[in-house]
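What follows is the residue order along each chain.
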Amino acid sequence: MTRMSVNINGGVELGGLLTIEHLQDKNKNKPVKGQKLSALKNAVTLKKKSADGSSDAGEVKLLRRVDEEPQADRKTMKTEARVQTASVGTAAKAAKAVKAARTTEAAKMATREDLYASLTKKDAADNAAYEVDGVRFSAEEMKSMREALGDVFTSVKRPGSSIDYSDYAKMGIAENVARAYAEKNLSTEQTEVLMKAVSEHMDQVIAKEPEASFIVEDCYYGKRYSGGVWDELKQYAKDMVAKSDLPAQTKRVFAEKKVDSPGMAMSASNTKLASTLRSRFSTLDFGNEDELQSFFKQYQDWMKPAYLEVHGGSENFAAEHIAEDITMYKKSYEKLWNGVLAASVPHVDLHI
């Protein structure tokens, strides 16, 4: 530390160095804020002289200001903390409010058949939430189900149609795909309601199949139709064959058919086999090749006598029919499931 002897009084400021007396005199009756004073190593200590310079009058230690970052006022900090906490609380309340609004948005009170009917309208503008059997489906869930399952449900015959064995299999495939989608995207309660709606609709399709004029017992295709529109259809078929380029033998066979004789309908009359096909296809794991091979071997055994009946006992025609069925089922499942996967991919809207 440097010591000098100089004629100076205590209340001065010299080259940015201050005396304590100077600060005290300058800040009378108020505290000094916003600065810190420190005796640094290079501070100067001056010896004071008497007014006439004849004797030493003690020492004066000069201090240097040390600039610091402004210290936040505690009161201000507390206020800011309260504001921040309030902002977080407000955001949380807003999020809860949005969630509550979604949960309590108006929902259509609907039956299971209403639910199924809505889902078959893939491009429906109706984006309302649905409540079925006390279980709620949000508008967004309804929209997603329509996009994913619309094609699945249109693969099933409409009420009033004749239903062949392959149509029962397609029902099972539709149920299979619908259940797989639901288990991945819906709650357990929603899945149960959806599958009831699907199953009940298909039961209605079966129940509303046109009644046969009579049924030949112990046949796979025992339903017979005669009279009215059926006779008109048979006459139309005869006329079409007669005008076609089919072989002469085929034309002769059709020409000999009597219009008023009962006609065989391509409709499954063995209800046990039909129900079994629907059930097995609804649970079949198409991703398991071993299971597929085992099942389709069983399918051949089931359907061979039915197709022999249709094709007049021809082994070759029956085998071809079965092979076409198996190929069709695999392609149908793959197409429907790929459609579900494509519809389930999140959509990204880009705005430039």
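None of these values were measured; they are calculated from a predicted model.

Here's the deal with the sheet that holds strand β9 (residues 135-137)
Reasoning step 1: If you walk across this open sheet you meet the three strands as β7-β8-β9, and the pairing is mixed. A strand with exactly one partner marks an edge of an open sheet, and here the two such strands are β7 (107-109) and β9. Between one strand axis and the next, the sheet turns by 30° as a mean value, whatever way the strands run.
Reasoning step 2: As defined by bridge partners, β7 adjoins strand β8 (residues 129-132) across three bridges and the pair is classed as parallel. Following the sheet pairing, K108 is matched in β8 by Y130.
Reasoning step 3: Seen against the sheet, helix α6 (residues 188-207) touches β8 and β9 and runs at an angle of roughly 90° to β9.

A few points about the environment of S267
Reasoning step 1: Relative to the helices and strands, S267 resides in the loop between β12 (263-264) and α9 (271-283).
Reasoning step 2: Residue classification places S267 among the buried residues on the basis of a relative accessible area of 0%.
Reasoning step 3: Each C-alpha atom of the pair S267 and I163 lies 5.0 Å from the other, and the pair is 104 residues apart in sequence.
Reasoning step 4: Among all residues touching S267, those that are not within four sequence positions of it are S162, I163, D164, E209, Y220, Y221 and K223.
Reasoning step 5: A polar side-chain atom of S267 sits 2.4 Å from a polar atom in the side chain of E209.

Focus: α9
Working note: α-helix, 3.6 residues per turn, so residues spaced by three or four point in the same direction.
Reasoning step 1: Here α9 contains 13 residues, and its C-alpha end-to-end distance of 19 Å stays within 8% of the 18 Å for a straight helix at 1.5 Å per residue.
Reasoning step 2: Where α9 is concerned, the buried positions are L273, A274, L277, R278, F281 and S282. Axial view of α9: buried residues confined to an arc of 165°, hence all on one face. Counted as exposed and oriented over 90 degrees from the buried face of α9: K272 and T283.
Reasoning step 3: Where α9 is buried, its residues meet α5 (165-185), α6, α10 (289-310) and α11 (315-344).

Quick look at the environment of M303
Reasoning step 1: For M303, the position within the fold is in helix α10.
Reasoning step 2: A C-alpha to C-alpha distance of 8.4 Å links M303 and A318, two positions 15 residues apart in sequence.
Reasoning step 3: Aside from chain neighbours lying at most four places away, what touches M303 is Y165, L273, L277 and I322.

Quick notes on the pattern of salt bridges
Reasoning step 1: Taken as a whole, this structure holds eight salt bridges when the rule is applied.
Reasoning step 2: Here K196 makes a salt bridge to E192, at a shortest N to O gap of 3.6 Å. Placement of the pair is K196 and E192 together in helix α6, with a separation of four residues, close to one helical turn.
Reasoning step 3: The exposure class of E192 is partly exposed, given its relative accessible area of 47%.
Reasoning step 4: Several salt bridges share partner residues, and in doing so they unite R112, D133 and E200 into one network.

Reading the values: the criteria
- Residues numbered from 1 in each chain as written.
- Predicted model: local features only at pLDDT ≥ 70, side-chain atom pairs only at ≥ 80, totals over all residues.
- Heavy atoms only, no water.
- Pairing = 2+ DSSP bridges.
- Helix = DSSP H or I, 4+ residues; strand = E, 2+ residues; numbered from the N terminus.
- Axes fitted to C-alpha atoms, helices over the stretch in contact; angles between N-to-C directions.
- Contact = heavy atoms within 4.5 Å.
- Buried < 20%, exposed > 50% of the residue type's maximum accessible area, 1.4 Å probe, protein only.
- Polar contact = N/O pair within 3.5 Å; in protein donor to acceptor, adjacent residues only side chain to side chain.
- Expected span 1.5 Å × (residues − 1).
- Arc of directions from axis to C-beta.
- Salt bridge = Lys/Arg side-chain N within 4 Å of Asp/Glu carboxyl O.

Taken by themselves, the reported measurements are silent on function.
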